[in-house]
Amino acid sequence: MASATWICVECGARQTEAGRCSRCQAELLDGRLANVRELMADIDLRAALKRESSNRMIAVAVGILPVIVLWMVPGYWATRRELFAVPMLADQWALMIGIALVATKGLERYAGVAKRFPYLDDNQQLT
Ligand SMILES: [Zn+2]
């Protein structure tokens, strides 16, 4: 694959010859140029950051919702008072944070974004 240096930044395809992408018809860029590889790394980084921030939002919601639902379960507050009388609802906060952390780990693992350019290594070199 060393000779497939023409890169489609739209879909991530690589080709051996210049011209248009055979998959999406976008103009191919020369992956031998450092600024093209920098652009590729930037595209993947932005996608990863965007996914990370949306995953964080989801994790917060996933942490809060079940705890609020628990609050509406009859007898929950009475039981809670008997089990742990923690001030400032610290136990409830801890529960939300705990669920959110687990959700974050799960999302990182199963809802990570696939790199568009998996063949670009950490030193921005084509592999
Ligand atoms: Zn393409």
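Heads up: the structure comes first, above all this text.
Here is what the cut-offs are and how they apply
- Residues numbered from 1 in each chain as written.
- Predicted model: local features only at pLDDT ≥ 70, side-chain atom pairs only at ≥ 80, totals over all residues.
- Heavy atoms only, no water.
- Helix = DSSP H or I, 4+ residues; strand = E, 2+ residues; numbered from the N terminus.
- Rg over C-alpha atoms; globule rule 2.2 N^0.38 Å.
- Buried < 20%, exposed > 50% of the residue type's maximum accessible area, 1.4 Å probe, protein only.
- Contact = heavy atoms within 4.5 Å.
- Areas by Shrake-Rupley, 256 points an atom, 1.4 Å probe, with all protein chains shown as cover.
- Lys, Arg positive; Asp, Glu negative; His and termini not counted.
- Charge placed at Lys NZ, Arg CZ, Asp CG, Glu CD.
- Donors = N, O, S within 2.8 Å, 3.2 Å for Na, K, Ca; no water.
- Tetrahedral: all angles 85-135°; square planar, octahedral: opposite > 155°, others 65-115°.
- Pairing = 2+ DSSP bridges.
- Polar contact = N/O pair within 3.5 Å; in protein donor to acceptor, adjacent residues only side chain to side chain.

Enquirer: Provide a residue-level description of the overall build of the chain, including the pertinent values.
Expert: Counting its regular elements, the chain contains three helices and three strands. Reading the secondary structure of the chain in the N-to-C direction produces β-β-β-α-α-α. Compactness check: the chain gives a C-alpha radius of gyration of 24 Å against a globular reference of 14 Å for 127 residues, more than 25% above the reference. Oriented by its inertia axes, the alpha-carbon framework of the chain measures out at about 70 × 25 × 20 Å. Expressed as a percentage of its 127 residues, the buried residues of the chain come to 28%. Restricting to contacts in the chain with at least 6 residues of sequence separation, those with at least 24 account for 52%. Accessible area of the chain: about 8800 Å², with a carbon and sulfur share of 63%. Positive and negative side-chain charges of the chain, numbering 15 and 13 respectively, have mean locations separated by a distance of 4 Å.

Enquirer: Talk me through the coordination of the zinc ion; I want residue IDs and the actual numbers.
Expert: Each protein donor to the zinc ion is listed here as Cys 8 (SG), Cys 11 (SG), Cys 21 (SG) and Cys 24 (SG); together their distances run 2.2 to 2.3 Å. Here the zinc ion is ringed by four donor atoms whose angles at the metal span 100 to 119°, and the overall shape comes out tetrahedral.

Enquirer: Would you mind going over the sheet that holds strand E1 (residues 6-7) in detail, with residue names and values included?
Expert: Judged by pairing direction, the sheet is antiparallel, and its three strands sit side by side in the order E2-E1-E3 without closing on themselves. Unpaired on one side and paired on the other, strand E2 (14-15) and strand E3 (29-30) mark the two borders of the sheet. In this sheet, E2 lies alongside E1 in antiparallel orientation, the contact comprising two bridges. Within E2, the residue paired with Ile 7 across the bridge is Arg 14.

Enquirer: Describe the side chain of Gln 92, with residues and values.
Expert: Of note, Gln 92 is situated in helix H3 (residues 90-110). Relative accessible area serves as the criterion here: at 2%, Gln 92 is assigned to the buried category. A polar contact of 2.8 Å, which involves the side chain of Gln 92, links it to the side chain of Tyr 76. Only 2.8 Å separates the side chain of Gln 92 from the side chain of Asp 91, close enough to count as a polar contact. Sequence-distant contacts of Gln 92, that is, excluding residues within four places in its chain, are made with Val 67, Trp 71, Tyr 76, Trp 77 and Arg 80.

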